[in-house]
Amino acid sequence: MKLFLYEFRKIFTAGNRIVFFAALALQALWGFFPHVYEHEYSPEIYRRYMERIGGVYTEEKRTFLEARREEIAGLIDAYEEMEGAYKRDEIALDEFERYLYEYQLAESERSTVDYLLEKCSYYDSLDGEAVFFYDTDWADFFSHSGYPYLLAAVLFLLLIPVFDREFTSNARPLLLPAVSGRKKLCICKLAALALTGFAVPMVFFALRYAVFVCQAGGGQDFCVRNLLGYSGYPDISLAQYYFTDALAKAAAWSVGALLLGAVSNIVRNTVFSFFLSVVCMVSPAWFAGIWPPLVYEYAFCAAPLGKMYGAAIDLRVFALVCLLKAAAYILINLKYWEKEASGIL
Amino acid sequence: MELQFENIGKTYRSRTALSDISVTLREGVYALLGPNGAGKSTWMNILAGLLKPDSGKITLDGKEISAMGKEFRRILGYLPQEPGFYPDFTGYALMKYFAEIKDVKAAEPKIGELLEFVNLSGDADRRYREYSGGMKRRLGIAVTLLNDPKILILDEPTAGLDPKERIRFRNIISSIGRNRIIIFATHIVSDIETIADQAILLKSGKIVLFGPIRSVLDSVRGRVWTLEADAREAEKYVMQHPNATIVKSGEHWNLRIVSGARPQGPAVEAKPCLEDVYMYWFEEHSLEGKENETVSL
């Protein structure tokens, strides 16, 4: 246990603690930075509609929206007729201006109402109860998670030295001849790697969530299936969905941390370790399109590679893949930690 | 305690680092001498379990050390060339960490004693990165002694130290040299002349000479000469004997020459020192014909 704690002490040196907290501050700042995303509808009008029809989805709400769509269509279709009537002095300017106001309103609402009716059809296809609420921020939050480059950089900086430091600083010749310097120390290092690889991403994800909730307000208890296109997910809340995804990502990063150890143990060179770590853990995100989606998500742990876990992903299979990969990386680490390095020593 | 090396060999690709090393060591301080690339570090690393020999075996009191595993590591202390400690740790924290790694029970009093012994008690709370080269070496020896090793391997421990620190280091080794096997690999012969019981001379991966210091010194008796010369003559002598040691004394130069034949001029036979042995066995011109010769004294 003491050796395990010493490994944490080595990971979180004064310099590394500064890096870690600076990265957290950057992450929080980035969260508060206003993000503008494009939508096929107007979020402002959508929000107004939600103030009016928010709550449990009902047939009446659908009927209301359909009536509004017909009204909008009628207003838009009447434009040429109204313009002609005004030109022919059949209607007064006041009346035409009132029409134009209604027309512009209809024009601006059209896409939003179309989107709402699309949601109505989606809700009709769902088994259970559906709820209307302003979910644009949540949908954006989930679909624009992106590859966490900052987290990757912090993890590389903290975790690559766990083994690499022992080679490059020539501490390994002191450690290996000691009673607990072989398997026991290696296992403690791996445990520290896995735990840090899990805990640090969880801290980042929790901070991202906290900053988002501060900005977006509530809604976290609504079912994730209320979001358009999320019917494949189980009946869990938005918060549960986010934290399930965060756990899957953190588990994948934890396995990735063991891979970082294996890379350091094999190459025994800091620059090359960083290079190979980027190749193994960042570059698959750049070439995501070349893999069949499921293979990509399971084999490369797509969750840490930027997006929320897909509905087709079976989390039990994902966990099994993570365990198998972790076992392989642990064996590689154990083998290479004790392996002699010809020409180095 | 008997540490026996039997036909140890190690090759890196096409380069032979150690060849057919067979020697038996008992309690005492052994000076492992040889030029850079002689195979000293390879030998030390094999004994420390960092490298596997390609051939041969090492036994301690008849038991193979590779089979002894932890049992052997429990009595082993190894201070490598330029040991790497963690710069953010204090001296005391490093001692505690290595006590844990070495599985030393109730280490606190032992740590205090060792820090006192290497004269670092007052600096125990300073970070390792703030230590001078000598302090780092002394901390290294304290770390190495934590488990009270019966076999102590010191690989070039005095390299880079100033003369004062080297004397202090030698004194430490002298005082711990009882009831253990200490192997002190170096190419700085003055470091071990006064503290070693026996010397092992290693050249190109082979033992060329092994025996008690006195016998090793005797191996060059009658081959060490001193003479006094002026600047021009001194230059001539150096041309003939590139291994000559020259010290200026007033208007003249005192030369010390290691040579099988008496140099021309007023040369006087001198009492050999270990440096002469080193010069005789490792000076390039004098090696011809000695490459395949192993002398056990």
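Residues numbered from 1 in each chain as written. Chains lettered and ligands numbered in written order. Predicted model: local features only at pLDDT ≥ 70, side-chain atom pairs only at ≥ 80, totals over all residues. Heavy atoms only, no water.

Novice: How should the overall build of chain A be read in this particular structure?
Specialist: Tallying secondary structure elements over chain A gives 16 helices and two strands in all. Relative to the compact-globule value of 20 Å for 345 residues, chain A shows a C-alpha radius of gyration of 28 Å, a clear excess of over 25%. Projected onto its principal axes, the C-alpha coordinates of chain A cover approximately 100 × 40 × 35 Å. Residues counted as buried form 49% of the 345 residues belonging to chain A. Sequence separation of 24 or more characterises 78% of the internal contacts of chain A that already satisfy a separation of 6 or more. Just so you have it, chain A exposes about 16,600 Å², and 62% of that area is on carbon and sulfur atoms. (Helix = DSSP H or I, 4+ residues; strand = E, 2+ residues; numbered from the N terminus. Rg over C-alpha atoms; globule rule 2.2 N^0.38 Å. Buried < 20%, exposed > 50% of the residue type's maximum accessible area, 1.4 Å probe, protein only. Contact = heavy atoms within 4.5 Å. Areas by Shrake-Rupley, 256 points an atom, 1.4 Å probe, with all protein chains shown as cover.)

Novice: Looking at this structure, how should I read the overall build of chain B?
Specialist: Looking only at helices and strands, chain B features ten helices and 15 strands. Radius of gyration (C-alpha) of chain B: 21 Å, near the 19 Å computed for a compact globule of 297 residues. Considered along the principal axes of its C-alpha atoms, chain B spans approximately 65 × 45 × 35 Å. The contacts of chain B with a sequence gap of at least 6 include a subset with a gap of at least 24, amounting to 69%. Surface accessibility of chain B: about 13,400 Å² in total, with carbon and sulfur atoms responsible for 46%. When the 40 basic and 40 acidic side-chain charges of chain B are each reduced to a single mean position, those positions are 3 Å apart. (Lys, Arg positive; Asp, Glu negative; His and termini not counted. Charge placed at Lys NZ, Arg CZ, Asp CG, Glu CD.)

Novice: Teacher, can you tell me more about empty space enclosed by the protein here?
Specialist: Picture a little ball the size of a water molecule; that probe, rolled over the atoms, points out where space is still empty. Tallied over the full model, the rule gives one cavity of 30 Å³ or more. Estimates place the volume of the largest cavity at around 30 Å³. Residue lining of the largest cavity: A:Pro173, A:Leu174, A:Pro177, A:Ala178, B:Leu76, B:Gly77, B:Tyr78 and B:Lys102, and that is the complete set. Of all the secondary structure elements, the ones that give two or more residues to the lining of the largest cavity are helix 10 (172-175) of chain A together with strand 6 (76-79) of chain B. In terms of residue count, the dominant contributor to the lining of the largest cavity is strand 6 of chain B (three residues). Of the residues assigned to the lining of the largest cavity, the class counts are six nonpolar, one polar and one charged. (1 Å grid on protein atoms, 1.4 Å probe; cavity = no way out; pocket = protein on both sides within 12 Å on 5 of 7 lines; lining within 4 Å. Points joined across faces, edges and corners; volume = space filled by probe spheres on them. Nonpolar A, V, L, I, M, F, W, Y, C, P; charged D, E, K, R; others polar.)

Novice: What exactly am I supposed to notice about the domain arrangement of chain A here?
Specialist: Frequently, the measure chosen for interface size is the accessible area removed from exposure when the parts meet. Residue and element names in this part refer to chain A. When cut into domains, chain A gives domain 1 (2-35 + 144-343) and domain 2 (43-133). For domain 1 and domain 2, the distance between their C-alpha centres works out to 47 Å. Contacts between the two partners involve ten residues from domain 1, matched on the other side by ten residues from domain 2. Of the roughly 850 Å² buried where domain 1 meets domain 2, counting both sides, 67% is carbon and sulfur surface. When the area that domain 1 buries against domain 2 is broken down by residue, the three leading residues are Arg225, Asn226 and Leu228, summing to 68%. Linking domain 1 to domain 2 there are zero salt bridges. If you look at where domain 1 meets domain 2, you find seven residue pairs in polar contact (both at pLDDT 80 or more). (Domains from an automatic or database assignment. Buried area = accessible area lost by both parts, 1.4 Å probe. Salt bridge = Lys/Arg side-chain N within 4 Å of Asp/Glu carboxyl O. Polar contact = N/O pair within 3.5 Å; in protein donor to acceptor, adjacent residues only side chain to side chain.)

Novice: Can you walk me through the interface of chain B and chain A in this structure?
Specialist: Chain B puts 30 residues into the contact, and the matching count from chain A is 29 residues. Summed over the three residues of chain B that lose the most area to chain A, namely B:Leu50, B:Arg73 and B:Ile101, the buried surface amounts to 24% of that side. The interface formed by chain B and chain A holds zero salt bridges in total. The set of elements that each furnish at least two residues to the side of chain B that touches chain A consists of strand 1 (3-12), helix 3 (70-73), strand 6 and helix 4 (91-101) of chain B. The dominant element in the side of chain B that touches chain A, judged by the number of residues it contributes, is helix 4 of chain B, at six residues.

Novice: It is not clear to me how the sheet that holds strand 14 (residues 268-269) of chain B should be interpreted in this structure. Could you clarify?
Specialist: Across a sheet, strands are paired by hydrogen bonds formed along the backbone, either parallel or antiparallel in direction. Residues and elements named next belong to chain B. Taken together, the four strands give an open sheet; going across it, the order is 12-13-11-14, and neighbouring strands pair in antiparallel fashion. Of all the strands in the sheet, the pair left with one neighbour each is strand 12 (245-249) and strand 14. Of the strand pairs in this sheet, strand 12 and strand 13 (residues 252-258) are connected by five bridges, and their pairing is antiparallel. For isoleucine 246, the partnering residue across the bridge sits in strand 13 and is leucine 255. (Pairing = 2+ DSSP bridges.)

Novice: Would you explain helix 1 (residues 40-47) of chain B in this entry?
Specialist: Since the α-helix turns once every 3.6 residues, residues separated by three or four places project in the same direction. Of all eight residues in helix 1 of chain B, seven are buried, a share of seventy percent or more. In the stretch just after helix 1 of chain B, B:Gly49 is the one whose phi turns positive, near 85 degrees.

Novice: Even after reading the chapter, I still don't get the side chain of B:Asp155, so can you show me in this structure?
Specialist: Residues and elements named next belong to chain B. Mapped onto the fold, aspartate 155 is located in strand 7 (residues 151-155). Within polar-contact distance, the side chain of aspartate 155 engages the side chain of serine 41 at 2.9 Å. Ignoring any residue separated from it by four or fewer positions in sequence, one finds aspartate 155 in contact with Ser41, Met44, Tyr78, Leu79, Pro80, Gln81 and Ala185.

Novice: Mind showing me how you'd approach a nonpolar patch on the surface here?
Specialist: On the surface, A:Tyr149, A:Trp286, A:Phe287, A:Ile290, A:Trp291 and A:Val295 cluster together into a nonpolar patch covering about 660 Å² of accessible area. Given a relative accessible area of 33%, A:Trp291 falls into the partly exposed group. (Patch = residues over 30% accessible without salt bridge, like charges linked within 9 Å, V, L, I, M, F, W, Y side chains within 5 Å.)

Novice: Any chance you could explain the sheet that holds strand 5 (residues 63-64) of chain B here in plain terms?
Specialist: Residues and elements named next belong to chain B. One open sheet holds the four strands; their spatial order is 2-1-4-5, and the pairing between them is antiparallel. The strands lining the two open edges of the sheet, one partner per strand, are strand 2 (15-25) and strand 5. The pairing of strand 4 (residues 55-60) with strand 5 spans two bridges and is classified as antiparallel. Among the inter-strand pairings, threonine 59 is bridged to a residue of strand 5, identified as glutamate 64. Strand contacts of helix 1: strand 1, strand 2 and strand 4, with the helix running at about 120 degrees to strand 1, the strand carrying the most contacts. (Axes fitted to C-alpha atoms, helices over the stretch in contact; angles between N-to-C directions.)

Novice: Would you explain the layout of surface pockets in this entry?
Specialist: Empty space within the largest pocket amounts to approximately 1,000 Å³. Around the largest pocket, the lining is made up of 43 residues, and of these A:Gly31, A:His35, A:Tyr37, A:Phe141 and A:Arg208 lie nearest the centre. Secondary-structure elements contributing two or more residues to the lining of the largest pocket are helix 2 (14-32), helix 3 (43-53), helix 7 (136-143), helix 8 (149-159), helix 11 (183-216) and helix 12 (238-267) of chain A. Examining the composition of the lining of the largest pocket, we find that eight residues originate from one element, helix 11 of chain A, more than from any other. Classifying every residue of the lining of the largest pocket gives 26 nonpolar, ten polar and seven charged. Both domain 1 (2-35 + 144-343) and domain 2 (43-133) of chain A contribute no fewer than three residues apiece to the lining of the largest pocket. Along the wall of the second largest pocket there are 25 residues; nearest its centre are A:Arg182, B:Gly49, B:Leu51, B:Lys52 and B:Ser66.

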